[in-house]
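Examination of the molecular architecture
One letter stands for each residue in the lines below.
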Amino acid sequence: MESLEPQWIGGVFRESAPAGIRLALRLSGRLRAIRRRTVRAPDDERTWSLTAKTKILLISLGSCGTLLGLAEAAGALGPSSGDGRRWALDYLFTGHAELGGASLALLQDPAGLVILAVVFVTPVFCCQQVQAIAAFVQMNERNGGTEKLLDEEVRRLNDLVRKTNRWFRWLGRRWVSLALLLAMACGTFLLYRYVDSHGLMETWNPTDVSDTAWRTAVYDGWWGNWHRHPELAVALCVAGTHAFYVLSKQLVMGVVFTVYLYRSDLLGFGVTPNMRYDSDGFQGLRPLRQFILWTYGSALAHMIGLLVLFMVWLPARPWMVFIVLVVMLVDMLVIVYPSSIGYHSALTVKKDHVRYLYDHEPPGDTRNAAIAQVWSKPVLPVTTRKATTGIFLYLLAPAVPALVPLLFR
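Residues numbered from 1 in each chain as written. Predicted model: local features only at pLDDT ≥ 70, side-chain atom pairs only at ≥ 80, totals over all residues. Heavy atoms only, no water.

Topic: the overall build of the protein
Under the convention used in this document: For the purposes of this entry, the term helix denotes a DSSP run of H or I that reaches at least four residues, the term strand denotes a run of E that reaches at least two, and both are numbered from the N terminus. When accessible area is computed with a 1.4 Å probe and restricted to protein chains, residues below 20% of their type maximum are described as buried, those above 50% as exposed, and intermediate ones as partly exposed. The criterion used for residue contact is that any of the two residues' heavy atoms lie within 4.5 Å. Throughout, the Shrake-Rupley method with a 1.4 Å probe supplies accessible areas, and for residues the shown protein chains are the sole cover considered.
When you go through the protein residue by residue, the secondary structure sums to 14 helices and 4 strands. Burial analysis of the protein (409 residues in total) assigns 44% to the buried set. A sequence separation of at least 24 residues applies to 75% of the contacts in the protein between residues at least 6 apart. Taken as a whole, the protein presents about 21400 Å² of accessible surface, with 63% of it coming from carbon and sulfur.

Considering a nonpolar patch on the surface
Where we set the bar: Two distance rules govern patches: like charges are joined within 9 Å, and nonpolar side chains (Val, Leu, Ile, Met, Phe, Trp, Tyr) within 5 Å, applied only to residues with over 30% relative accessible area and no salt bridge. Here, a salt bridge means any Lys or Arg side-chain nitrogen found within 4 Å of an Asp or Glu carboxyl oxygen.
Together, Val255, Val259, Tyr262, Leu266, Leu333 and Tyr337 make up an exposed nonpolar region whose accessible area comes to about 520 Å². Of all elements in the fold, only helix H9 (230–266) and helix H11 (319–360) reach the threshold of two or more residues within the nonpolar patch. With 4 residues, the single largest contributor to the nonpolar patch is H9. The partly exposed category is assigned to Val259, whose relative accessible area is 37%.

Examining the UniProt feature "transmembrane region" (unreviewed entry) in the protein
The cut-off we apply is this: UniProt positions are given in the numbering used here, feature names are shortened, and annotations may be inferred rather than shown by experiment.
Summarizing the sequence annotation, UniProt attributes the feature "transmembrane region" (unreviewed entry) to residues 56–77, 113–137, 175–195, 232–262, 291–313, 319–337 and 391–408 in the numbering used throughout. The distance from the first to the last C-alpha atom of residues 113–137 is 38 Å, and the span holds 96% helix and 0% strand. The span residues 291–313 is 100% helical and 0% strand by assignment, and the distance between its end C-alpha atoms comes to 32 Å.

A few points about the packing of aromatic side chains
To be explicit about the condition: Stacked, edge-to-face and tilted labels apply to pairs of Phe, Tyr and Trp rings (six-membered ring for Trp) whose centres lie within 6.5 Å, assigned for plane angles under 30 degrees, over 60, and everything in between, in that order. Any Lys NZ or Arg CZ that is within 6 Å of a ring centre and within 35 degrees of that ring's normal is treated as a charge sitting over the ring.
Tallied over the entire structure, the rule returns 11 aromatic pairs. A ring pair is formed by Phe136 and Phe257, whose centres lie 5.4 Å apart and whose planes are at 85°; its orientation type is edge-to-face. Linking Phe136 in helix H5 (residues 136–142) with Phe257 in helix H9, this pair joins segments that are 121 residues apart in sequence. Take Phe257: its relative accessible area is 5%, and that puts it in the buried class. With 5.8 Å between their ring centres and 40° between their planes, Tyr219 and Trp222 make a pair best called tilted. Just as Tyr219 is buried, Trp222 falls in that class too. The structure contains a cluster of three or more aromatic residues connected by ring pairs, namely Tyr192, Tyr219, Trp222, Trp223 and Trp313. Lying over the aromatic face of Trp8, Arg169 brings its terminal NZ or CZ to 4.1 Å of the ring centre.

Concerning the side chain of His229
Locating His229 in the fold gives a position in the loop between helix H8 (211–220) and H9. Owing to a relative accessible area of 8%, His229 belongs among the buried residues under this scheme. Sequence-distant contacts of His229, that is, excluding residues within four places in its chain, are made with Ala74, Ala76, Trp222 and Trp223.

Let's talk about the pattern of salt bridges
Evaluation of the coordinates by the stated rule reveals 10 salt bridges. Residue Arg155 is joined to Asp159 by a salt bridge in which the shortest nitrogen-to-oxygen separation is 2.9 Å. Of this pair, Arg155 and Asp159 are both found in helix H6 (residues 151–171), 4 residues apart, which corresponds to roughly one turn of the helix. Arg155 sits in the partly exposed class, given a relative accessible area of 41%. Among the charged side chains, a network of salt bridges with common partners joins Glu2, Glu152, Arg155, Asp159 and Arg162.

Structure below.
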């Protein structure tokens, strides 16, 4: 069976050895701690190859450190004692306070910290999904998913893999990546312009002044204010553009994989637990477990970041409900629907194995114990209770930011 190659959606998701990083690794004395693989070049020269996760973690840590350094240099990292401003969130706990001036430094902005955390962790989520999708075909092949397939069915499955890989390569083309990057940059810029024009935290106004005066005062003391800290505003827009760019590729990759999973299941090659030997504690489905956990975690993190953006930073508006609904529908398409396909295909494998035990094992305690062992573990490598809890939290998340400001007001 040929492998899926989702790493072609972007160069950062493939192992490589850039000259600058390779030189830095060679000059450093800590090669063993950060290298993943050493390959022998044709000229017997050693070339250090970085994994995708290592590169993404280095980029995220470097970006986070750069932003903190810029905030410290601009005096917007923590509260300033000389400007006479009061912490903006402190007004929430003082009823009918007079508005003298609001300060919202980076470390005083919980909403900003949540959004930045989601921004920097988004590439990590995408990288984990790329690695899990790349291991999907071989995982099921090792577990016996091709034993009952005819040669013609294997050929059709390989054709489907090649077609899916062409979509991944198309998504990773330079002009497609550039178009997505420009679109995300325009969207991020327009979103920042909206903040620049309308201020911050209008919905959370606990004072007696008008909402216009409150949001203007909060924006004036905000760490990302373009007029006071243009370098931080640019850094925020760049980070947001990169996060939206990676997220857009992640969503398209999820749709492509969902189509592949649906069509491969029709050809008889779905999620296949290993019914003969439990090699990893999850009937050979550990890569699928990682994919499910990282995918649900990514959806929950992005939903929280989206709600914080549209209901804390920006004024809550009725049209924002439609944005949340669209995001939830897309997540249902690329998360819940593939999970249901995987559940039914794995359930079919377990039922076939139970029938095999009934037909080939003599009646008795041995057969009954073997059948009980089959149903003692969940069909998917994530228990129903955990999945239900995750879905409940995901559906409950939109209500929390909408209710909290009502309690303060």
